[in-house]
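Results of the structural survey
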Amino acid sequence: MRFLAAFVRASLELALLLAATLSLLSLLGFWKNRFDLLTHFAPVWLALCLAGLVLIPVLRLQPRRLVLAVALAGVAASAGLMTPELVAAARPSARAQANEQRIRVVSFNLWIRNPEPERTAAWLLGSGADVLVLPEPERAAAGIIARLRAGYPYGIDCQGDHDCNAAILSRWPVSASGASPPYAWAVVQAPSGPFTVIGAHFTWPTNGWEQARQRRRVAELIARFDRRTTIVAGDFNTAPWSYVMRRQDRLFGLERRTRALSSWPAQPVSRHPITPPFPILPIDHLYAGGNWRTVDIRRGPRLGSDHFPVVADMARPANR
């Protein structure tokens, strides 16, 4: 029994030190992209450190003070990265006024291996969305796009275009549209006046150079339109507490309306068919210009994608 207790204590200490070290190293993300990769998983490091600290009194262990100090430092590091985002998420949303037009935008990575295209299309058609932003519209998702055309006859669907990273479908007419990796865009002619929607799909943060190039391209596109009426949405593969996301927020010059809204994963992330009980990382985001007020923004249901949908209800004065 004494050997078993020593083994459990040593294993717990090792796990605590590893999680805490990764959490502390993530603070160097402002300096190097390789460290910023760790910031994306701040909730994981925080959960591991807290779980270890809770197990210590439960198992009646007596770890070394150094281990406890490092674990607490790890908790402080991850919590410090996440706190600004969590505080922003706690702010109340606005209410739509009588003289405002309310629109709904749904952003949803369709996933090229979507095993439930019919169920996915049915939910999107019944979502009440005015505009759909749909990254990964190719391969298995192509059938979903075809079905959605019954309710969303306008926009850019990317079918047959291998350089299109996101489809944009609208129930209102579209006066202009285009696509070039990593984005698609459309000018929607809504009853309250036109507005621009940009859909984006970024590569994984492991390719920091390519992500930086994609951010610059989207920022250049945003600058072509009236920022006040522009909406940007999609799969950015970037967590909001990363240093990369902070730079992106400044570069776009728009307000990010999604706050700590976890959207990934919705499907097993390994070869083992174990579906995660809840999403961990907020990597699907929506930005909007100053004319838009956020009435409500929430996560949609689990469908056939590895992402959850993001459902945003926005409002603006009817004469704009």
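In what follows, the structure referred to is the one given above.
So, here's what we can say about the structure. Predicted model, so just to flag it, every value in this text is computed and none were measured. Residue positions are given per chain, counted from 1 along the sequence in the order it is written. In view of the model being predicted, local features appear only for residues whose pLDDT reaches at least 70, and side-chain atom pairs are presented and counted only at 80 or more, with totals across whole chains, interfaces and linings using the full set of residues. Calculated side-chain values reflect all of the structure's heavy atoms, with hydrogen atoms and water omitted.

1. What about the packing of aromatic side chains?
Aromatic pairing here means that ring centres of Phe, Tyr or Trp (its six-membered ring) are within 6.5 Å. Orientation follows from the plane angle: under 30 degrees is stacked, over 60 is edge-to-face, and everything else is tilted. Inspection of every chain in the model, using the stated rule, returns nine aromatic pairs. Look at Phe 195 and Trp 292: their rings are 5.2 Å apart centre to centre, the planes differ by 80°, and that puts the pair in the edge-to-face class. With Phe 195 in strand β7 (residues 193-201) and Trp 292 in the loop between β10 (284-288) and β11 (293-299), the pair connects residues that are 97 residues apart, well separated along the chain. Each ring, one from Phe 236 and one from Tyr 287, has its centre 6.0 Å from the other, and the planes form 75°; the classification is edge-to-face. Of the two residues, Phe 236 sits in the loop between β8 (230-235) and α8 (243-252) while Tyr 287 sits in strand β10, which places them 51 residues apart along the sequence. By the ring-pair criterion, three or more aromatic residues cluster together here, those being Phe 202, Phe 236, Phe 252 and Tyr 287. Helix numbers and strand numbers start at the N terminus; a helix is a DSSP run of H or I with at least 4 residues, a strand a run of E with at least 2.

2. Concerning the packing of helix α3 (residues 42-58) against helix α4 (residues 65-89)
Only C-alpha atoms enter the line fits that serve as axes; for helices the fit covers just the stretch in contact. Angles between N-to-C directions range over 0 to 180 degrees. Look at α3 against α4: their axes get within 9 Å of each other, and the N-to-C directions meet at 145°. Here α3 runs over α4; the crossing is left-handed. Side by side, α3 and α4 meet where Ala 42, Pro 43, Trp 45, Leu 46, Cys 49, Leu 50, Leu 53 and Ile 56 of the first sit next to Leu 68, Ala 71, Leu 72, Gly 74, Val 75, Ser 78, Ala 79 and Met 82 of the second. Note on residue classes: Ala, Val, Leu, Ile, Met, Phe, Trp, Tyr, Cys and Pro are nonpolar, Asp, Glu, Lys and Arg are charged, and everything else, Gly too, is polar. Along the lines of polarity and charge, the residues of the contact of α3 with α4 split into 14 nonpolar, two polar and no charged. Throughout, a crossing is termed right-handed when the near helix is turned clockwise from the far one, and left-handed when it is turned anticlockwise from it by less than a right angle. We call two residues contacting when some pair of their heavy atoms lies within 4.5 Å.

3. Considering the sheet that holds strand β3 (residues 154-156)
An order of β3-β4-β2-β1-β12-β11 is seen for the six strands of this open sheet, with the pairing classed as mixed. Two strands lie at the open edges of the sheet, namely β3 and β11, each paired on one side alone. If you compare each strand with its neighbour and ignore which way they point, the axes differ by 15° on average. Pairing analysis gives six bridges linking β11 to strand β12 (residues 310-317), with the strands arranged antiparallel. Pairing of Arg 299 across the sheet is with Val 310, part of β12. DSSP-based pairing: two strands are paired if at least 2 bridges between them are found.

4. Describing the nonpolar core
Here, nonpolar core refers to any group of buried Ala, Val, Leu, Ile, Met, Phe, Trp, Tyr and Cys residues whose side-chain atoms link them within 4.5 Å. For every residue, the accessible area (1.4 Å probe, protein chains only) is compared with the maximum for its type, and the residue is labelled buried under 20%, exposed over 50%, or partly exposed between those bounds. Membership of the largest hydrophobic core comes to 42 residues, with the highest contact counts inside it found for Leu 124, Leu 132, Leu 134, Phe 195 and Leu 286. With residues up to four places along the chain from it excluded, the contact list for Leu 124 reads Val 106, Phe 108, Leu 110, Leu 132, Leu 134, Ile 144, Leu 148 and Tyr 152. Listed in part, the 18 residues of the second largest apolar core include Leu 46, Val 75, Met 82 and Trp 241.

5. Focus on the packing of helix α7 (residues 208-222) against α8
Contact geometry for α7 and α8: axes closest at 9 Å, N-to-C directions at 20°. With respect to α8, the element α7 is oriented roughly parallel. Of the two possible hands of crossing, α7 and α8 adopt the one that is right-handed. Between α7 and α8, the contacting residues are Gln 211, Arg 215, Arg 216, Val 218, Ala 219 and Ile 222 on the first element and Val 244, Gln 248, Leu 251 and Phe 252 on the second. The residue inventory of the contact of α7 with α8, partitioned by class, reads six nonpolar, two polar and two charged. To sort the angles, those under 35 degrees are grouped as roughly parallel, those over 145 as roughly antiparallel, those from 65 to 115 as roughly perpendicular, and the leftovers as oblique.

6. Considerations on α4
Helix span, as expected, comes to 1.5 Å for every residue beyond the first. Given a rise of 1.5 Å per residue, 25 residues ought to cover 36 Å, and the 35 Å separating the end C-alpha atoms of α4 matches this to within 8%. For a residue, the bend is simply the angle between two axes, fitted respectively to the seven-residue segment ending there and the seven-residue segment starting there. At Thr 83, α4 is bent by approximately 40°, the largest bend along its length, and proline Pro 84 sits one to four residues beyond.

7. What about the pairing of strand β5 (residues 174-180)?
Here β5 runs beside strand β6 (residues 183-190); their pairing, made up of six bridges, is antiparallel. Opposite Ala 176, over in β6, you have Val 187 as the bridge partner.

8. Re the layout of surface pockets
Cavities and pockets were defined on a 1 Å grid built over protein atoms only: a cavity is a set of grid points that admits a 1.4 Å probe from which the probe cannot escape, a pocket is an open set flanked by protein on both sides within 12 Å along at least five of seven lines, and lining residues are those with an atom within 4 Å of any such point. Grid points are joined across faces, edges and corners, and a volume is the space filled by probe spheres set on the points. Its volume calculated, the largest pocket comes out at about 700 Å³. In terms of residue count, the dominant contributor to the lining of the largest pocket is α7 (three residues). Considered class by class, the residues forming the lining of the largest pocket number 13 nonpolar, ten polar and six charged. For the second largest pocket, the calculated volume is near 360 Å³. Lining the second largest pocket are 15 residues, and of these Ala 88, Arg 91, Ser 93, Arg 257 and Arg 259 lie nearest its centre. Secondary structure elements with two or more residues in the lining of the second largest pocket: α4, β9 (255-256) and β11. In terms of residues, the lining of the second largest pocket owes the most to one element, β11, which gives three residues.

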